[in-house]
Amino acid sequence: MARVKLTDVTKQYDDVTAVDEMNLDLKDGEFICLVGPSGCGKSTTLETVAGLTKPTSGTITIGDREVTNLPPKDRGIAMVFQNIALFPHMDVYDNISFGLRLRNFPQDEMDERVDEAARVVRLQGMLDRMPSEMSGGQRQRVAIARAIVRDPDVFLMDEPLANLDAKLRVNMRTELQRLHKQLDTTIIYVTHNQAEAMTMSDRIAVLNKGELQQIAPPLTCYNQPANRFVAGFIGSPSMNFVDATVGDGTLDADGYSVSFDTTAIDGVAEGDAVEFGIRPEDLYLADNSGEAEDPSRTFSVTTDVLEPMGDEIFVYLKPILDTTDDGGMTDFEERQGLLMSVDPATDIREEEDVEVALDRARIHLFDSDTGDAISHGVVADADIEAEAERDGAQAD
Amino acid sequence: MARVKLTDVTKQYDDVTAVDEMNLDLKDGEFICLVGPSGCGKSTTLETVAGLTKPTSGTITIGDREVTNLPPKDRGIAMVFQNIALFPHMDVYDNISFGLRLRNFPQDEMDERVDEAARVVRLQGMLDRMPSEMSGGQRQRVAIARAIVRDPDVFLMDEPLANLDAKLRVNMRTELQRLHKQLDTTIIYVTHNQAEAMTMSDRIAVLNKGELQQIAPPLTCYNQPANRFVAGFIGSPSMNFVDATVGDGTLDADGYSVSFDTTAIDGVAEGDAVEFGIRPEDLYLADNSGEAEDPSRTFSVTTDVLEPMGDEIFVYLKPILDTTDDGGMTDFEERQGLLMSVDPATDIREEEDVEVALDRARIHLFDSDTGDAISHGVVADADIEAEAERDGAQAD
Amino acid sequence: MSSGGDGILSRLATWTENLSEQAYAYLLLVPGFLVLLLFAFWPLASAIRMSFFADVITSASLGEFVGFQNYVRLLTNTNALAPAAFVDPSFETPILEQALFMTVLFAVLSVTGETLLGFLYAMLMKAEYKGRRLVRLLIILPWAIPIVIQGMIFFLLFRPGYGLLTEPLQQLGIFSSLPLNTTFDGFVIVTVADIWKTSAFMALLILAGLESVNQDLYEVADVMGASRWQRFRYITFPLVFPVLMVAMLFRTMGALRVYGIIESTTVGCSTVPSMTCLVTQMMFGSATQYGSAAAVSVLIAIVVGLFIMVYLGFIRRSNQSLGLA
Amino acid sequence: MSIDARNHEDAETFDGTGDESGGEPGDDENRSPIQRWADDWIRNPEKAYAVMLVFLGGVLLTTSLFPLYWLFNVAMAPPGQTDIPLIPATIDLSAFVQVFQQVPFARFMFNSLFYAFTVTVFVLLVASLAGYAFGRLEFRGKTPLLFALLVLSFFPPATLFIPLFRAFNQQVPMLGLFTLPVEIYGTPGAVVAPLSAFTMPLAIFILTTFYGQIPDGLEEAARVEGTTRLGALFRVIMPLSAPGVATAGILTFITVYTEFFFSFLMTGNSAAEWAPVVDGVIAFQTQYTVRYDLQAAASLIAIIPVAILVVVAQDKIISGLTQGALKE
Amino acid sequence: AGGGGGGGSDGSTTGSSGDEIGGTVTVFSGSAFVDSGIVDALHEAGVPDSVTIEMTVPPQDTGSKQQQLRTAINAEESDPDLVLTDNGWTIPFIVRDDLVNLEEEMDEEFISRVREEGVQSMIDTGTHPETGDLYSIPVFPDYPVITYRKDLLRNAGYGDSDFETWRSDPPTWAEFSTIVSEAMGGSDVQYGHLWQGNNYAGLACCTFNEFLTSMGGAFFGGQDNLFGPVGDRPVTLDSEESIDGIEAAVDIIHGTGSAPMDISGVSPQEVAGWIEPDTKSTFENGSAVTQRNWTYSIGGAVSAFEGTDMELGVMPLPAGPNGSWHAQGGWIMSMNPYTDNMASAKEVIKAWWEDSVLQHQFDAANYMPPKPELFGYVEESDTYGPYFEALQYSAENLIPRPTTSVWPNQRTIIASEVNSALRQEQSPQEAATAMQEQISAIEEQS
Ligand SMILES: Nc1ncnc2c1ncn2[C@@H]1O[C@H](COP(=O)(O)OP(=O)(O)OP(=O)(O)O)[C@@H](O)[C@H]1O
Ligand SMILES: Nc1ncnc2c1ncn2[C@@H]1O[C@H](COP(=O)(O)OP(=O)(O)OP(=O)(O)O)[C@@H](O)[C@H]1O
Ligand SMILES: [Mg+2]
Ligand SMILES: [Mg+2]
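What you see as residue numbers is a count from 1 along each chain, following the sequence as written. Throughout, the order in which chains and ligands are written sets their labels, letters from A for the former and numbers from 1 for the latter. With the structure being a predicted model, the display of local features is reserved for residues of pLDDT at least 70 and the display and counting of side-chain atom pairs for 80 or more, all residues being used for whole-chain, interface and lining totals. Side-chain metrics in this entry use all non-hydrogen atoms of the structure; hydrogen atoms and water are not considered.

- An unreviewed UniProt entry lists chain A under the name ABC-type D-xylose/L-arabinose transporter, with Halorubrum cibi given as the organism.
- UniProt positions are given in the numbering used here, feature names are shortened, and annotations may be inferred rather than shown by experiment. Under the UniProt heading Subcellular location (unreviewed entry), the note attached to chain A is "Cell membrane".

Here it is as structure tokens:
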């Protein structure tokens, strides 16, 4: 339970800047998730907090102490490592109790704590196994138990649930949240799992190339991403991005345009090149467009692949202008196709022409150059009638 | 590109049966996902196929050859390991090209293939790094590249995408699928990620405690799970399970009952103890119950926690009979609460009384003792009027 | 222990924890290098100094300062008192009777033999089968035999008349009837004796290297289709390489300083004069030649140093880190 | 799962006790064992390989063990017999008893064991610190220091003897600065100190190599769990380098135990004066006679402690220690 | 030393304790002296009981002993107080003042007694070659003799009268080799004549020197120059006679007939690899007709032949044109100059020269007394009595060891060249030339 503060932390390897001028200020007892693409510096950030690597510059404060130069053992942290790092020469019990033994806990308290930790990670009855005799998930659970058995001020967890199956993951998630509440510990948690980041954290810190992109509560990141990168990174499947130009009260993409009130938004002017983003769930088939908060007019596209997920179906819509098809060598996304999610009960087939609308209230506008967000949601143009007319004309 | 067949494969460690009488028959070029809880024997199954471990009993056939006793190198397989296991003394290029060098590929073809593999896993420009200089996700991608660079008959992949962020994961997924189509290779793929299992595989094999539970196409597993275990395992968040008794044309749970036509289903009789399952997305707020295929009557519950995920909100409904609350020591699930997913736009708050209905067509019935599925979906009782009447009475 | 003591200890611990990596490294090196400084570096320096002073064969003291004269006489083979030629520039002395060449040849042969045999032994010690523990033990035992006894064994095997192997080998035309007195035969005997004894050293080190290779890597290689040889070539060898280099390095240094086995087999320094033979004879013989003895030591060090350079070159080239390259 | 496990199954089959799990029973009975083996090996090249290894090993072992056997033979021969037969005429173990009757051989052994043990413990400790610094830390002057270590071993130990002897015995000031306490000479200290210095470079190099190979992740985990850097060395790195530590230990122990030069010259000749075991062995030589039988018996007795050590240390050299520890 | 096994510890007290009788006197002796009762004999002969005498066992391999002593003295170590050294390598210690000049330290009367009573050649090896001062007291002399199998010679037609004659009038090398070969012919013994021809110190000082001298050759022009002066004496290894010496040694093995005497090859090739223990045990187990070895080998053979058909005879070494010559063996006693207990050590030296001690020494260890007047005691002994005459002849025809400070260097050259001639790797002429060249170089450099 301690405040954690990173001030201008930079970590440079020979030719790579793993962490770049990072500023983070975590409140006491906050649960923060670090997310970002592979190699963006998440693990390195944790390592600087843990004291395993010294930042090239910058300072780190835990509680009231500046710890930049303190050794890990004096920082009051526990850590789950991405590479698990079990002690191969110790059995599970010894691995879990290692930190306690270092602190000369009495045997019975040690037993008690280890049992409790083993229960949390569901490893009861495996305490005398060696790491080499366990499955990948079991090993990872030992690593978690090793961290939670102690009573640190700060937990650092690097992908702790990566090898666990969905169900156990959900369970562990709940257990970790409960622990967090119960112990009131500050937790920095690296995950690649959106659901974890969304549900567990008080705030999400999104990193890219060593730089902090946004730090905000999960829904803020989801609904008001600070820039195109965050928008694309948060949410699975990812937001659709479309290059567009601001017209006269319209947003003109290749093949379709959306009308909106240019004047209601600061920082866009006619002729600007912008990028707009729309999440798959904010695209609607014409039939359901009523569900949208502010449906745009529909336009027609052809379905490509369907991916039924059980609780929804992902529909890949062919790019409006499918100029090239070089055998899948470029992404769907790069080709400006759209991904839509629909209810599994929907009657839809591949290679079918459909009419779709998008929810104008959920359109995100980004600056084409900087990628910074300009606006989240646009409002319909004042001249609604005109649009309705045009809509009607189009529909015919 | 080869058929893979496991016949009665059992692998016993001293005191653990890691794989128990496993029978699998994979068609040429099939993409199969192995899923199951941590420690259920997935990796062990892969290892027996790879030849890294000899099954205690049973035979394995790849193509037309029985390979049970063949060494790995003669089996024509490539594998991505759960523990990644890069060669620490080789740089990325050498790690990836290792298998090619073993086969004395000419340098230029080797370069070409390595470049292509590096492109697929987005590691261009990192070919001369050493494993110790890479992030967790980067290492994993090297491991994948190392497997795909060769041209094996069978791919074995153990959690290949575990350390990747969501976006890269989706990209890699697409790339792997493309590779699969292009090379027409048989792939056995272990994953804990539901989305991967659902979207990539031709069939999913669900394992539990070393035993095969079901092997079927993804949607079959999702919609017609063979037993309670599969039902609970596939789908995230997990299906809700409720203990119930079969009444006279009703399914009586604690606090509410659903009417259905007992006679339409074989194997249930009045008075039977059954368990019924319903997925979160098949629960509806009274307002939206029209969206359900066959909505049941509504009943009132209180909301507990809300988990906004961005594209949906998970609503935890308090158990109808919340008899105990021992401080979160038992799961939500165990306490027979219900989880419902609703649209993010829904206006709902914690600790609110709501009316919900469930989709009768999506109810799964399981034998309480064996857990075997009895029926998927029930139909309304013949005496619809009577029900409607009763409904009306209740609604008042 | 009083709490005050604990306080000091913990303060000390904190102090060391906060040292920079550099300072911490130096701190760790202090105990070792202190011992080495007193009992190795200092006597070494004294000995080197000795090499620049004249021999006084009738006294334990040093003569006047003569610069490199001792070296010159050794390298030009003009020190009549030297028990054998260090090197004979005129090459009238047979190669095996010139200490330098004899020793180098010995080192090359014995280290090669020991490495090959050591690798085989190491494999044998590593593979799992019943009785492996016994085999490990048996392989190591020759190394545990005091050199005096080792010499005795080989002396008894090759002694004239009675030696078990003297006659058969003579009849095969390989050895003379007095192998211990013949330079070539004696050289072979000493080499074989050394290989016999010291292969265990190699084997032990290589085994330790083998054992610390992450076994998972072999699974990967197996699946990749590596044959046994390829597994060895691409995984075992490179991963054991650093250890192998350490082992070979030290064995080469040992072999280039060979002495005990020559005397203890009774082959003797006059039959097979190694470089260290010269040092010992000059230093401990009745006619003490401290200056020349020290000069030979320095020459030995130079020869060894040249060999080590070759090793370091290898290590550097193969991109393996020993910390040195 | 591991390579070893597979070999193990194979090896058991050679001992005739293994199960024939891979084979098809039934038709095995009516074929000759050789056919069965051949068949088995073709299907299972691992086995053929293992057999070859065992065979080769057998040949090697025989040649390498022959001298030991012969030593035993010598010990059985009557005193003064020069002609040692290949197979002893009689089993006569009296030499093994006489060894203890003629000289205080046990004390000689104790002396050497004491040296070996003290030096080994000291060297492992001190070399571990240095090995850790060299193997895992980056610092300026690393290469020169390592090289200085190597240079020490370039010189024949005899070179160092005279100065050391004077320092111990004549109070010649060390480094020109201070003299050693006179009490040291003639005590084990006069042997232990120089031998520690001579065995240390090898130990440092071995440990440097092994410590350097332990993945950082494990040390990091230990430090986060609350060890100091030094604590991580002793609790994680050393145990994980068990093969290396045990090897360095055995090598040091044996080197010191059989060391002749220094322990011989730095001590008196009698067992009570801390003379090493080698003194005990050569005590059976007089000017014109050698009791080969007693020397052989003494040598065989003298290697027993080493044998025990090897047996004990073997368990430390456990296979595949880092297995399952890390995702790399 | 005063403090027991310690070192030169008590520097300040050394002087005073050196003058007082008491403490411990350590004697670097040999296993034969340990537990031999000699300590009691010394006490009985006058060493005060306050002095503890300790006999220690140095490594008996001559080389190592020399090396250990050299180290101890170089290090100015106070232990041992007294050392027994081989008379063959003591002079280098003497000339370097590494031993106490007893002439200066001990009373004149004792020194002159030693000079009078002692075996002259032993006295010589303990005397400084230039000043003539006595540094070492003889402990026991050793003489080489030929032991032979009377039983075999009888079969070959020789009889007691021959045996009688040979005791004081040995046969020539030619005759001797004939006798041996005849005896061999009539029996199934494996070997004829055994001697020590290995490449070792003993070949240079002794066995080869015996051939050389009896054939009229010499290392340095003659017996007078054996102890120096180094550099100022002729090297005569390539003289005609010296080559004859090598040829004689070669012929007795190979019978090439190159030597002026007609010596047939009756020694096995193996002798070029053998030293004392080898020939001793071979002779004792009945595999050879004759053997050249030291005094102690008589005792060995006597007990080995006991209860067998074998009958032992002893004669001096065969003669060449220059007569029959025997290399001087034996040990002498000296004092460590760094001793811290000199007074007591002197008492030990004096007592050791007493008849009772020397007799005890002979009884307990078969070591000859170094006083000719005590030879009678030997003559009366059961073991040695019958062979006394031959021993006496040997003692009267001794060549001293050619010990100088450079002898250790020279002896390795001689041993190695002669040995290679014995193995016929080079001709006697070549060996002689090589020796001449290298020995001269050493002489010049010194
Ligand atoms: N070498 C071994 N000795 C003993 N038990 C083992 C060994 N290896 C695996 N097991 C056990 O066998 C069971 C199956 O392990 P396996 O690795 O196949 O699980 P998995 O399905 O891959 O799990 P995960 O998803 O956690 O990787 C586990 O309970 C594991 O503990
Ligand atoms: N020891 C090192 N030497 C050089 N570069 C390094 C080293 N360690 C990490 N890097 C680089 O620093 C960057 C950040 O690495 P880091 O491990 O923090 O990434 P990450 O965000 O944890 O990624 P992942 O999600 O893949 O684990 C990566 O590009 C990596 O290649
Ligand atoms: Mg990471
Ligand atoms: Mg697994």
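Structure's up, so let's keep going.
## As for the overall build of chain E
- Put simply, DSSP H or I for four residues or longer makes a helix, DSSP E for two residues or longer makes a strand, and each gets a number counted from the N terminus. Each helix and strand in chain E was counted, giving 20 helices and 11 strands.
- Both definitions apply: the radius of gyration is a C-alpha atom measure, and the globule rule equals 2.2 Å times residues to the power 0.38. Taking 22 Å as the expected radius of gyration for a compact globule of 446 residues, we find that chain E reaches 22 Å, a close match to that expectation.
- Each principal axis of the C-alpha distribution contributes one length, and for chain E these read about 70 × 55 × 35 Å.
- Each residue's exposure class comes from its accessible area (1.4 Å probe, protein chains only) as a fraction of the maximum for that residue type: buried when under 20%, exposed when over 50%, partly exposed otherwise. For chain E, with 446 residues in total, the buried portion stands at 65%.
- The criterion used for residue contact is that any of the two residues' heavy atoms lie within 4.5 Å. For chain E, restricting intrachain contacts to residue pairs at least 6 apart in sequence, the fraction spanning at least 24 positions comes to 76%.
- Only the protein chains shown count as cover for residues, with accessible areas throughout obtained via the Shrake-Rupley method and a probe of 1.4 Å. Of the roughly 14100 Å² that chain E leaves accessible, carbon and sulfur atoms contribute 42%.

## Considerations on the domain arrangement of chain A
All names here are of chain A.
- Considered domain by domain, chain A is made up of domain 1 (4-233) and domain 2 (240-395).
- Taken together, the 10 residues of domain 1 in the interface contact 12 residues of domain 2.
- Interface area, domain 1 with domain 2, both sides summed: about 930 Å², of which 48% is carbon and sulfur.
- The rule for a salt bridge is simple: a side-chain nitrogen of Lys or Arg has to be within 4 Å of a carboxyl oxygen of Asp or Glu. The tally of links between domain 1 and domain 2 comes to 1 salt bridge.
- A salt bridge links arginine 228 to glutamate 275; the nearest nitrogen and oxygen atoms lie 2.8 Å apart.
- Counting of polar contacts relies on pairs of N or O atoms within 3.5 Å, with two restrictions inside protein: one atom must be capable of donating a hydrogen and the other of accepting it, and residues adjacent in sequence are counted only when both atoms are side-chain atoms. Linking domain 1 with domain 2 are 7 residue pairs in polar contact (both at pLDDT 80 or more), by the criterion used here.
- Note on residue categories: nonpolar means Ala, Val, Leu, Ile, Met, Phe, Trp, Tyr, Cys or Pro, charged means Asp, Glu, Lys or Arg, and polar means any other residue, Gly included. Of the residues assigned to the side of domain 1 that touches domain 2, the class counts are 5 nonpolar, 4 polar and 1 charged. These domain limits were set by an automatic method or by a database of domain assignments. What gets called buried area is simply the loss in accessible area from a 1.4 Å probe that two parts show on being joined, summed for both.

## With respect to the site of ligand 2
- Neighbouring ligand 2 are 20 residues, the closest being Ser43 and Thr44 of chain A together with Arg129, Ser135 and Gly137 of chain B.
- A distance of 3.1 Å is found between an oxygen atom of ligand 2 and a side-chain nitrogen or oxygen belonging to histidine 192 of chain A.
- Between ligand 2 and the protein, one listed contact pairs an oxygen atom with a side-chain N or O atom of arginine 129 of chain B at 2.4 Å.
- Coverage of ligand 2 by the protein amounts to 89% of the 630 Å² it exposes when considered alone.
- Residue assignment for the shell around ligand 2 shows that the elements contributing at least two residues are helix H1 (42-50) of chain A together with helix H4 (136-148) of chain B.
- Residue composition of the shell around ligand 2, grouped by class: 5 nonpolar, 12 polar and 3 charged. In these notes, residues near a molecule or strand are those with any non-hydrogen atom within 4 Å of it.

## Focus on the site of ligand 1
- The local shell around ligand 1 holds 20 residues, among which Arg129, Ser135 and Gly137 of chain A together with Ser43 and Thr44 of chain B are the closest.
- Serine 43 of chain B has a polar side-chain atom sitting 2.5 Å from an oxygen atom of ligand 1.
- In isolation ligand 1 exposes 640 Å². Once the protein is present, 92% of that is buried.
- Taken together, the elements giving at least two residues each to the shell around ligand 1 come down to helix H4 (136-148) of chain A together with helix H1 (42-50) of chain B.
- Looking at the shell around ligand 1, its residues break down into 5 nonpolar, 12 polar and 3 charged.

## Brief notes about the coordination of the magnesium ion (ligand 3)
All names here are of chain A.
- Around the magnesium ion (ligand 3), the protein supplies Ser43 (OG) and Gln82 (OE1) as donor atoms, at distances of 1.9 to 2.1 Å. Here glutamine 82 lies in the loop between strand E6 (77-80) and helix H2 (92-102) and serine 43 lies in helix H1, a separation of 39 residues in the sequence. The exposure classification of serine 43 matches that of glutamine 82, with both residues buried. With water excluded from the atoms, a metal site may look incomplete; its donors are any N, O or S atoms within 2.8 Å, or within 3.2 Å for Na, K and Ca.

## A short note on the sheet that holds strand E8 (residues 186-190) of chain B
Residue and element names in this part refer to chain B.
- Any two strands are treated as partners once DSSP identifies two or more bridges connecting them. Spatially, E6-E7-E8-E3-E9-E10 is the arrangement adopted by the 6 strands of the open sheet, whose pairing is mixed. Pairing within the sheet leaves two strands with one partner each, and these edge strands are strand E6 (77-80) and strand E10 (211-216). Averaged over all adjacent pairs, the angle separating strand axes in this sheet is 15 degrees, with direction ignored.
- Relative to E8, strand E7 (residues 154-158) runs parallel, the two being bridged by 5 bridges. Note on E8: the bridge partner recorded for phenylalanine 155 is isoleucine 187.
- Here H1 sits on the sheet and contacts strand E3 (31-35), E6, E7, E8 and strand E9 (203-208); the angle it forms with E7, its principal contact strand, is near 150 degrees. Axis lines are fitted to C-alpha atoms, over the contacting stretch for helices. Their N-to-C directions set the angle, which ranges from 0 to 180 degrees.

## Describing the packing of aromatic side chains
- Between rings of Phe, Tyr and Trp, where Trp is taken as its six-membered ring, a pair exists when centres lie within 6.5 Å; planes separated by under 30 degrees are stacked, by over 60 edge-to-face, and by other angles tilted. By the definition in use, this model includes 53 aromatic pairs over all chains.
- For the ring pair tryptophan 173 of chain E and phenylalanine 176 of chain E, a centre distance of 6.4 Å and an interplane angle of 85 degrees mean the geometry is edge-to-face. A residue pair is termed a helical-turn pair when its members lie 3 or 4 positions apart in one helix, as tryptophan 173 of chain E and phenylalanine 176 of chain E do in helix H10 (residues 173-185) at 3 residues. Side by side, tryptophan 173 of chain E and phenylalanine 176 of chain E carry an identical accessibility label, which is buried.
- In textbook terms, an aromatic cluster arises when at least three aromatic residues are bridged by ring pairs, as seen for Phe52, Phe53, Phe65, Phe68 and Tyr71 of chain C.
- In this scheme, the term charge over a ring applies when either NZ of a lysine or CZ of an arginine sits within 6 Å of the ring centre and within 35 degrees of the ring normal. Across from the ring centre of phenylalanine 241 of chain B, 4.0 Å away, lies the NZ or CZ of arginine 228 of chain B, which sits over that ring.
- One cation-aromatic arrangement involves arginine 292 of chain E over tryptophan 294 of chain E; the distance from NZ or CZ to the ring centre is 4.8 Å.

## Things to note about a negative patch on the surface
- Only residues whose relative accessible area exceeds 30% and that take part in no salt bridge are eligible for patches, with like-charged residues grouped when within 9 Å of each other and nonpolar side chains (Val, Leu, Ile, Met, Phe, Trp, Tyr) grouped when within 5 Å. Charge counting treats Lys and Arg as positive and Asp and Glu as negative, with His and both chain ends excluded. We put the charge of a Lys on NZ, of an Arg on CZ, of an Asp on CG and of a Glu on CD. Where like charges cluster on the molecular surface, the negative patch consists of Asp14 and Asp15 of chain A together with Asp128 and Glu133 of chain B.
- Topologically, aspartate 14 of chain A is positioned in the loop between strand E1 (4-12) and strand E2 (17-26).

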